[in-house]
Amino acid sequence: MIFVEELIWESKIHDFCEVQAKPSKSAMAKAAPAVGGGGRISHHLPHYYHHPFFFYSDPPRSSLLLCSPIRISLIPNEPTLLSSSTSLTSTALLATPPPTGCTPMVAESSMASSSEEEGQAATVERLWQIFFSDPSQWWDSRFDKEDSAAPDFKHKTTKQALWINDRFSPPWLKAKLDTLTQQAPQPSLSLSSSSSSSTSLISSGPASRTKELWEEFFSDPSQWSDSRSDKRSPRSPDFKHKTAKKALWIDNNFNPPWVHARLATMVQCQEHGESGLSTIEISDRMEQLWQEFFSDPSQWWDNRFIKRSPNFPDFKHKSTHEGLWMEGWLNPPWVKANMVTAALDQIQCGGGFRSRVPGSFGDNVNKLCKEGLLKEALHRVELMIQQNIQVPVNAYVGLLKGCTRRKALVEGKRVHALIVQSGLDSNLFLGNILVDMYAKCGNVLDAHEVFKTMPVRNVFSWTAMMSAYGDHGQGEEAIDLFHQMQQAGIAPDRVAFVVVLKACAKVAALEQGKQLHSQVIKGGFETDVIVGGTLVDMYTKCGCMEDAREVFIKMNEPDVFSWTAMIAGYARQGLGKEALALYEQMKQADVQPDIVTYVVLLNACASIAAIEQGKQLHFHIIESGFALNVIVGNTLVDMYAKCGSIKHARQVFNNMHERNVVSWNAMISGYAQQGLGKEAVALYEQMKQEDVQPTNVTYVVLLNACASIADLEQGKQLHSQVIKSGFESDVSVGNTLVDMYAKCGSIEHAREVFNNIHEPNVVSWNVMIAGYAQQGLGKEAIALYKQMQQEDVQPNNVTYVGVLNACASIAALEEGKQLHFLIVKSEFAADVIVGNTLVDMYAKCGSIELAREVFNNMQERNVVSWNAMIAGYAQQGLGEEAFALYNQMKQEDVQPTNVTYVILLNACASIAALDQGKKLHFDIIKSGFESDVSVGNTLVDMYAKCGSIEHACQVFNNMHERNVVSWNAMIAGYAQQELGKEAIALYEQMKQEDVHPDIVTYVVLLKACASIAALEEGKQLHSHIINRGFESDVIVGNALVDMYAKCGSIQHARQVFNNMHERNVVSWNAIIMGYAQQGLGKEALTLLDQMQREGTKPNEVTYVCVLSACSHSGLINDGRHLFDSMYKDYGVRPTMDHYACMVDLLCRAGCLANAEDFINNMPIQPDAVIWMTLLGAARNHGDVEIGRRAFDCVVKLEPGNAAAYVLLANIYAAGGTRLD
């Protein structure tokens, strides 16, 4: 699930609500110039405020006032959607004017009046402003672009693009570009293209040159022509020198900041009829005006903090309306010094300038804090205290709120000290804000200390402290504090209930939540939409959907937060269909979804792979204007990937206007989930090229991708990059490294990484135990579990699942029973996953009775439980019991899955139960699983193994989707029926349909060639194997040796064997059997000696092969010696196959009496095959007596064996004796 990491909803516990946007790292880097180093924007709302809005920007800090879910700008003028929760809604509208000195900016909303085109124009204008702020960061492609549609300028890192002739380009664009062109010949400036190596646009040279030109202009304006009123093109200059080739533009990006003020002064002079005066006379006039100002500032309006344009005067006379600019033209040199003196006098005397905005010193401090000038405001307060002037309470309030917005804990502590110094530490209002400030700055201990020392507390005080605990994961402390508040005789208000209910939700305290619900009803808050929505959210997060639904239904008009909370609850419980159905009801109720609603719904679609509903939601998102939001984009990528549509996921990813590291992680994870490890790694490389820094999540996803395709080398390279990136100490990355190495078969590397994890958690131990279990190292897994217990690490359900799987892998029944005993005593006795694994463990250990006992005693069973028990019966060859349980499963209304049918079909195949398989096929068609590719593949395999190759072929041909496994199953079916030619023909068809064979394909085909001794076709396959790079695979090598040997080409078989880089016991058995089949017994014995010298231990099959070789070669003594030593020297206990080989060896040598004695002295009951071997030898040697005794034993075991009667008849006929 994609977490909405950019949005955090926080309900303020008194007077204000706060919504905070936490941008991603990339967005923070972009936003730094606007919001300061922290990259965090805070917006304050009136309590529970919800209304059509405006937000205001105060250059240069972009302090924003927010009044609704809006599209805000992390980069000024580039809107990014931010949604508030419904806890910001209020029935009473509290109008809030824009902060003093702020400029209204356009904001987007479902209720905003600006059109889409205006928004695009604003975005393009902002991009051009970014361009002119530092042109060196942009490639100039105007003169070397090959396509007219290519951009004229492209950002070097963000890849943003700009076109000069874009219809949304601002009107001042061409003037500024002409300025760049005019300055280009200067040594400090050059316009560089993206393909050149010359220096980029440098702003320092043009700025210096432009400043000189303006100073020259203002020194004598009469030498310049004013073209502003009659210029026909925005590219034409505003002022042009009459003699020299010099030009000036008012909107030039390199203009000094005082240009507008001086031009405004000049305009004012012209309006007052002073245009004919000389510069000296105008200078005298300006000096006179400033003297009048300083003689009585009360006669002038102070507009410095509220003017919206640099053209407006800083001071304006109340009667004459003449204006003065701090940076005005021909200002006396003493103006700025006098302004500093006047400001100090204002602080010391409490008087001074009368501002147009009514207010006190506290208001000014508050305004500075909102502008981001926190340190300046704090300095002014400290200066007043030094002058023994009492600071008003609202000044401290402004400072504390400024510290809260900026998370400025150090400055907050300074303010706290000043409050104590001023004797205001007992002020209830300041105490409440102090608690909130410390909590929001992450210092809960100091918040609690302030709370404890407060002489008087009201409901806001308690709520502030509860909110502090809840926000920092201390939900239980928040609940305890709520009860203390009630004991203190303070009745909770609706905000207090909201805060404590949120705390219950965070710690899943359902019982406390229910008690609080009853108090909400008694307090009359149940009908409150905010409290009701929070109750719904609490119940859903506690997993109690029934109660949540009941509260939701009782709500008169649930708002978007309540609907979203209910939908999210269904999604969390895996009830995706119910979540989507509720969304339809939400639309019918005419409640507009917000971003969070869509994110939750997309996650619901992903959880149930509902791609069609996901596509419909995508369409609604586009209609709602949320498609450009990066969070929504990330969730769309994740949804499409989890629904299996990686193509749509990549399309959304490619079309995202803004991508953060979460976007890349989502797309990489999508590839990994689909087993496309190579594509995931390729995208990671692209990510690095675009200078996006990977996070620990990136490496976790990539390592999982490597594990999914067992790409050990790529995993090692990633491990190296993890070390370089400093993420090796991250426990989640360490755990994933262990998992990757284990799944890639490098258990030694996995253990090395595990040992180097500084503080392994339970997940670390679980991953290592699972790694051992996956590699069949059950003893090591069990030993690690015991070590885990010794180190006092508490196991969880995943631990028990891993250790039980380890026991199953080595059939360690006793260890499994001991573990079962521990599980019964633990909290996981009723865990359905643990129960399923116990069933599987007992079944694989051969104790089917205990498996059934566990199954019957399970308090909760899901379809996996039934599948595990059915699979247990199938593994033990108990087909009837498996089908009886399947029928019981249907009677109990448990719907079989594709896995159920795969297990049952395999059971049918193992016992060749064709009729039962056909019945299952009919059930599969009724259940709609016939189109499932895994079920189709198993049907093909079942029919083939049951001998019905026609049905297998029919199923194969009717499959709508076929993968390489489908082709392998059909080819194997032909091979099993010794239809080698058909198998090879199907292989050719497979290639024509562009399906790439895998290792299994070639192994099956080689067996097909061996079955019909098709040597030439086998050689062609060998060539294909070499071309595909599969020759080094040990399984393919073994199949090649076997094929050549069975085709009679023992030289080729030996050549392949000698060239194998890796050989296992199967390799040796294949070549030994090849020599045995060719009657080359001595060579087979030589290979056995070589095998032992090279450290490969013979197994039961090895001795069958060697004894067979001795039999075919007449090597009686060697055979007897091998048979006697196989158990004594190597611990290989003789089986029926070994005894059969010895009987055949003695019979071929004519030692029939010895053979009969050998059979009679066997420690196990001989079967009919052994007696038939002796009977056949008796016929060959004409031994009637032994033949008769052998015949009697055969018919006793198999009364209807016709071959025995024929052989005995032949024996009697050869000896001239009549058979009675």
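Residues numbered from 1 in each chain as written. Predicted model: local features only at pLDDT ≥ 70, side-chain atom pairs only at ≥ 80, totals over all residues. Heavy atoms only, no water.

### Comments concerning the nonpolar core
Phase 1 of the analysis: In terms of nonpolar packing, the biggest core is built from 316 residues, with Val381, Tyr396, Leu399, Met465, Met466, Ile1071 and Leu1174 touching the most fellow members.
Phase 2 of the analysis: When sequence neighbours within four positions are dropped, the list of residues in contact with Met466 reads Ala478, Leu481, Phe482, Met485, Ala496, Val499 and Val500.
Phase 3 of the analysis: Ranked by size, the runner-up nonpolar core spans 24 residues in total, among them Phe239, Phe315, Trp329 and Met339. (Core = buried A, V, L, I, M, F, W, Y, C linked by side-chain atoms within 4.5 Å. Buried < 20%, exposed > 50% of the residue type's maximum accessible area, 1.4 Å probe, protein only. Contact = heavy atoms within 4.5 Å.)

### Let's talk about the side chain of Asp941
Phase 1 of the analysis: Here Asp941 is to be found in helix α42 (residues 933-945).
Phase 2 of the analysis: Residue Asp941 is classed as buried on the basis of its relative accessible area of 16%.
Phase 3 of the analysis: Look past the residues within four positions of Asp941 in its chain and what remains in contact with it is Asn906 and Ala909. (Helix = DSSP H or I, 4+ residues; strand = E, 2+ residues; numbered from the N terminus.)

### Points about the environment of Val500
Phase 1 of the analysis: Turning to its location among the elements, Val500 is positioned in helix α16 (residues 494-507).
Phase 2 of the analysis: Ignoring sequence-local partners within four residues, the contact set of Val500 consists of Met466, Ala478, Ile479, Phe482 and Leu516.

### A word on the packing of helix α32 (residues 762-774) against helix α33 (residues 778-790)
Phase 1 of the analysis: Between α32 and α33, the shortest axis-to-axis distance is 7 Å and the interhelical angle comes to 160°. One way to sum up the angle between α32 and α33 is to call them roughly antiparallel. α32 and α33 meet at a crossing whose hand is left-handed. Along its contact with α32, which presents Val762, Trp765, Asn766, Met768, Ile769, Tyr772 and Ala773, the element α33 presents Gly778, Glu780, Ala781, Leu784, Tyr785, Gln787 and Met788.
Phase 2 of the analysis: Residues of the contact of α32 with α33, tallied by class, amount to 10 nonpolar, 3 polar and 1 charged. (Axes fitted to C-alpha atoms, helices over the stretch in contact; angles between N-to-C directions. Parallel < 35°, antiparallel > 145°, perpendicular 65-115°, else oblique. Left-handed = near helix turned anticlockwise from the far one by under 90°. Nonpolar A, V, L, I, M, F, W, Y, C, P; charged D, E, K, R; others polar.)

### Focus on the sheet that holds strand β10 (residues 161-162)
Phase 1 of the analysis: The strand order across the open sheet built from 3 strands is β8-β9-β10, with neighbouring strands paired in antiparallel fashion. The sheet terminates laterally at β8 (138-140) and β10, the two strands that pair on one side only.
Phase 2 of the analysis: Where β8 lies against strand β9 (residues 153-155), 3 bridges are found, and the strand directions are antiparallel. Note on β9: the bridge partner recorded for Trp138 is His155. (Pairing = 2+ DSSP bridges.)

Without other data, these values stay purely geometric and don't point to any function.
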